[in-house]
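Spelled out, the chains give:
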Amino acid sequence: MFSPFLPLLFPPRKFLDATMLISSCLLVRLAILLSVVLVQSCEGQSWKAFQNKHIDYPQTRASNPSAYCNLMMVKRNLNPSRCKPRNTFINHDKESVLQVCGNGGKQWQGKFYDSNENFPMIDCSFTDGKPPKDCKYKGTETSKRVRVTCENKKPVHLEKVL
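Residues numbered from 1 in each chain as written. Predicted model: local features only at pLDDT ≥ 70, side-chain atom pairs only at ≥ 80, totals over all residues. Heavy atoms only, no water.

Our working rule: UniProt positions are given in the numbering used here, feature names are shortened, and annotations may be inferred rather than shown by experiment.
By the naming in an unreviewed UniProt entry, the protein is Ribonuclease A-domain domain-containing protein, taken from Podarcis muralis. What the UniProt record of the protein gives under Sequence similarities (unreviewed entry) is the line "Belongs to the pancreatic ribonuclease family."

Have a look at this one:
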């Protein structure tokens, strides 16, 4: 006895193969699109954006490192839609930071360069609050070397504090 609903319950093998092929193609395209977006978000930065995010010289005055972080994150508009988990402000002149991509640094790997010298800085770590103007940070003063991503001999991303 043949049921008209049998093909719906058990579709032909060719139909399943075609569905799986289409699904696989869509997943591959989605993966490629996501990887392009991630690469652009890291490498699509500029020297000007780097300066806004990471250089404050002469250093803005604040009563303590945490107050400094709270002030600077708002002043530089670094939390427009979410509280950034961490940000580091280098309190040294931009010319010295720029030299990390030249004779003031050493190539570590590919576009990454490590500074030869320590830079005074304040590291800001998110503690509480909501964007855009109520994110609270704990600030820590230190002096360390940095690793930056360089493009056209200019820092465009602060990769890490060394």
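Having seen the structure, we can now continue with the description.
Some details on the packing of aromatic side chains
Applied cut-off: Only the six-membered ring of Trp is used, alongside the rings of Phe and Tyr, when aromatic pairs are assigned; centres must lie within 6.5 Å, and planes under 30 degrees apart are stacked while those over 60 apart are edge-to-face, with the rest tilted. The secondary structure listing takes helices from DSSP runs of H or I that are at least 4 residues long and strands from runs of E that are at least 2 residues long, numbered from the N terminus. Here the term buried applies to any residue with accessible area under 20% of the maximum for its type, exposed to any over 50%, and partly exposed to those in between, with areas from a 1.4 Å probe on protein chains only. Two conditions define a charge sitting above a ring: the NZ of Lys or the CZ of Arg must be within 6 Å of the ring centre, and it must be within 35 degrees of the ring normal.
For the coordinates displayed, the defined rule picks out 4 aromatic pairs. Here the aromatic rings of W47 and F50 are separated by 5.9 Å at their centres, their planes lie at 20 degrees, and the arrangement is stacked. With W47 and F50 both in helix α3 (residues 47–54) and 3 residues apart, this pair spans about one turn of that helix. Assigned by exposure class, W47 and F50 land together as buried. Ring geometry for Y68 and F89: centres 5.8 Å apart, planes at 90 degrees, overall edge-to-face. With Y68 in helix α4 (residues 65–75) and F89 in strand β1 (residues 86–90), this pair connects stretches of sequence that are 21 residues apart. Across the ring face of W108, the terminal group of R147 is positioned such that the distance to the ring centre comes to 3.7 Å.

Some points on α4
The line we're drawing: It is the directions from the helix axis to the C-beta atoms whose arc is reported. The criterion used for residue contact is that any of the two residues' heavy atoms lie within 4.5 Å.
Every buried residue of α4 is listed here: Y68, C69, M72 and M73. Taken down its axis, α4 places every buried residue within 120 degrees of arc, on the same side. Those residues of α4 hidden inside the fold are in contact with β1, β4 (119–130) and β5 (134–144). Trailing α4 by a residue or two, N77 shows a phi angle of about 55 degrees, which is positive.

A closer look at the confidence of the model for the protein
Heads up, the rule is: How sure the predictor is of each residue is captured by pLDDT, a score from 0 to 100.
Looking at the protein, the pLDDT average stands at 85 and 73% of residues meet or exceed 70. Note on residues 30–42: pLDDT is under 50 here. Beyond four places in sequence and across chains, it has 2 contacts.

Some words on the pairing of strand β3 (residues 112–115)
Within a regular beta strand, the side chains point alternately toward one face of the sheet and then the other, so they alternate between its two faces. Put simply, the rule reads: Two strands qualify as a pair provided that DSSP identifies no fewer than 2 bridges between them.
For strand β2 (residues 105–109) and β3, the ladder comprises 4 bridges, and the chain directions are antiparallel. Looking at β3, one finds that K106 is bridged to D114. Joining the antiparallel neighbours β2 and β3 is a turn of 2 residues, in which G110 adopts a positive phi near 55 degrees. Summarising the sheet, β3 and strand β6 (residues 146–151) pair through 3 bridges and their orientation is antiparallel. By the bridge assignment for β6, D114 is matched with R147.

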